[in-house]
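Listed here are the chains, written in short residue letters.
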Amino acid sequence: MGVAKRIIPCLDVNKGRVVKGINFKELKDAGDPVKLAKQYSDEGADELIFLDITAAEEHRKTMKDIVKNVASVINIPFTVGGGIKTLEDARNLLLSGADRVSINTAAVVDPELIRELMCIFGKQCIVVALDVKRNYDQGGKHFFSSLEKKYWFEIKIFGGKKSTGIDAIEWAKKVEKLGAGEILLTSIDTDGTENGYDIELINSICDKINIPVIASGGCGSVDDILKVYKKTEVDAALAASLFHFNKAKLKEVKKHLEKNNILVRP
């Protein structure tokens, strides 16, 4: 029997509130993080991811008080990211109740931080987030094409606002080598569109690495989650709008997946 697929609600937090945007822009309020976290935990989420989405851009640390309050009302694994730059930042969040930490901008700025975190806290604690966008200019290593246009997948940092010139496939291979336990892969192109996950991007990464991948960006329906499990090798599917705006319940998602022969946790 294979490993059960995970369903993970995501709390993108800005100024203490859960928000949701489109392509990382036009943020809309979605509720209180503590209230939503408890609701998702009670409803059967397999994990919860909390991302302080403006911490890196604003050069500040993640909001520890909210992390503590969320941790106090849930009983599922809890990953926290945003503004983590040092071992001390990671330690403080783990002591505040996080089970794992997610790094993105800091990993690009200082890749050795991945190895250092892994050595201190263990591989299972380290998630590296990749925010990825198609680039139609020269510069990448792995090119794809659509409607006769060539493009490559580029890593973006500081909440998707800054280009890096780094090829996402090469970066995924590097973070695995440095000791990341899992990759949180977000497509900026599909984020918030509710048109489905970026299957091409997901397969391009999953085909090149052996660590688990969480698919993120674009989920708008229960069928989108089924499709990402049928068409890719991802280990988990992250969703935000689907749950925040009551388009589907977690039990409904799991029932639909089971009916279509996808192994999920009870």
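Being a predicted model, the structure only gives us computed values, none of them experimental.

On to the packing of helix α5 (residues 112-121) against helix α6 (residues 168-178), then. Between α5 and α6, the least distance of the axes is 8 Å, while the angle of their chain directions is 35°. Read as a crossing pair, α5 and α6 show a hand that is right-handed. Facing E112, I114, R115 and M118 of α5, the residues of α6 in contact are W171, V175 and L178. Partitioning the contact of α5 with α6 into residue classes produces five nonpolar, no polar and two charged.

What follows deals with the packing of aromatic side chains. Enumeration over the complete set of coordinates arrives at six aromatic pairs. A centroid spacing of 6.0 Å and a plane angle of 55° characterise the contact between Y40 and F243, whose relative ring orientation is tilted. With Y40 in helix α1 (residues 33-43) and F243 in helix α9 (residues 241-244), this residue pair connects regions lying 203 residues apart in the sequence. Take Y40 and F243: they sit in the same class, and that class is buried. Their ring planes at 90° and their centres at 6.3 Å tell us that F50 and F78 sit as a pair that is edge-to-face. Of the two residues, F50 is situated in strand β4 (residues 48-52) and F78 in strand β5 (residues 78-81); the sequence distance between them amounts to 28 residues. By relative accessible area, F50 is classed as buried at 0%.

Turning next to the UniProt feature "active site" (unreviewed entry) in the protein chain. Here, the residues flagged by UniProt with the feature "active site" (unreviewed entry) are D12 and D131. Spanning 120 residues, the named residues nonetheless gather at one spot, since no C-alpha pair among them exceeds 13.6 Å. One can find D12 in strand β1 (residues 6-14). Note on placement: D131 falls in strand β7 (residues 126-135). You can call D131 buried: its relative accessible area is 10%.

Further remarks concern the pattern of salt bridges. Side-chain pairs of opposite charge can arise whenever the charged atoms involved come near each other. The tally for this structure, following the rule as stated, stands at 15 salt bridges. Of the charged contacts, one joins D42 and K38 as a salt bridge, the two residues approaching to 2.8 Å between their closest N and O atoms. Note that D42 and K38 are positioned in helix α1 at a spacing of four residues, about one turn of the helix. When its relative accessible area of 40% is taken as the criterion, K38 is described as partly exposed. E182 serves as the salt-bridge partner of R100, at 2.6 Å between the closest nitrogen and oxygen.

Note that strand β9 (residues 149-157) and strand β10 (residues 162-167) share three bridges and pair antiparallel. Each bridged residue has a counterpart across the sheet, and for K156 the counterpart in β10 is S163. Hairpin connection, β9 to β10: the antiparallel pair is bridged by four residues, and F158 has positive phi, about 50°.

To continue, consider helix α8 (residues 222-231). Among all positions of α8, only V222, D224, I225, L226, V228 and Y229 are buried. Where the residues of α8 are buried, they touch β1, α7 (199-206), β12 (213-216), β13 (236-239), α9 and α10 (250-259).

By the criterion of burial, β4 is predominantly enclosed, with five of the five residues buried. A two-sided burial pattern is seen for β4, the buried positions comprising L48, F50 and D52 on one face and I49 and L51 on the other. Here β4 runs beside β5; their pairing, made up of four bridges, is parallel. The residue bridging F50 from the neighbouring strand is V80, located in β5.

We now examine the side chain of E47. Following the sequence through the fold, E47 ends up in the loop between α1 and β4. You can call E47 buried: its relative accessible area is 6%. A distance of 2.5 Å separates polar atoms of two side chains, one belonging to E47 and the other to R6. With residues near it in sequence (within four places) discarded, E47 still touches R6, I7, I8, P9, I76, P77, T79 and R100.

Conventions and cut-offs
Residues numbered from 1 in each chain as written. Predicted model: local features only at pLDDT ≥ 70, side-chain atom pairs only at ≥ 80, totals over all residues. Heavy atoms only, no water. Axes fitted to C-alpha atoms, helices over the stretch in contact; angles between N-to-C directions. Helix = DSSP H or I, 4+ residues; strand = E, 2+ residues; numbered from the N terminus. Left-handed = near helix turned anticlockwise from the far one by under 90°. Contact = heavy atoms within 4.5 Å. Nonpolar A, V, L, I, M, F, W, Y, C, P; charged D, E, K, R; others polar. Phe/Tyr/Trp six-rings, centres within 6.5 Å; stacked < 30°, edge-to-face > 60°. Buried < 20%, exposed > 50% of the residue type's maximum accessible area, 1.4 Å probe, protein only. UniProt positions renumbered as here; feature names shortened; annotations may be inferred. Salt bridge = Lys/Arg side-chain N within 4 Å of Asp/Glu carboxyl O. Pairing = 2+ DSSP bridges. Polar contact = N/O pair within 3.5 Å; in protein donor to acceptor, adjacent residues only side chain to side chain.

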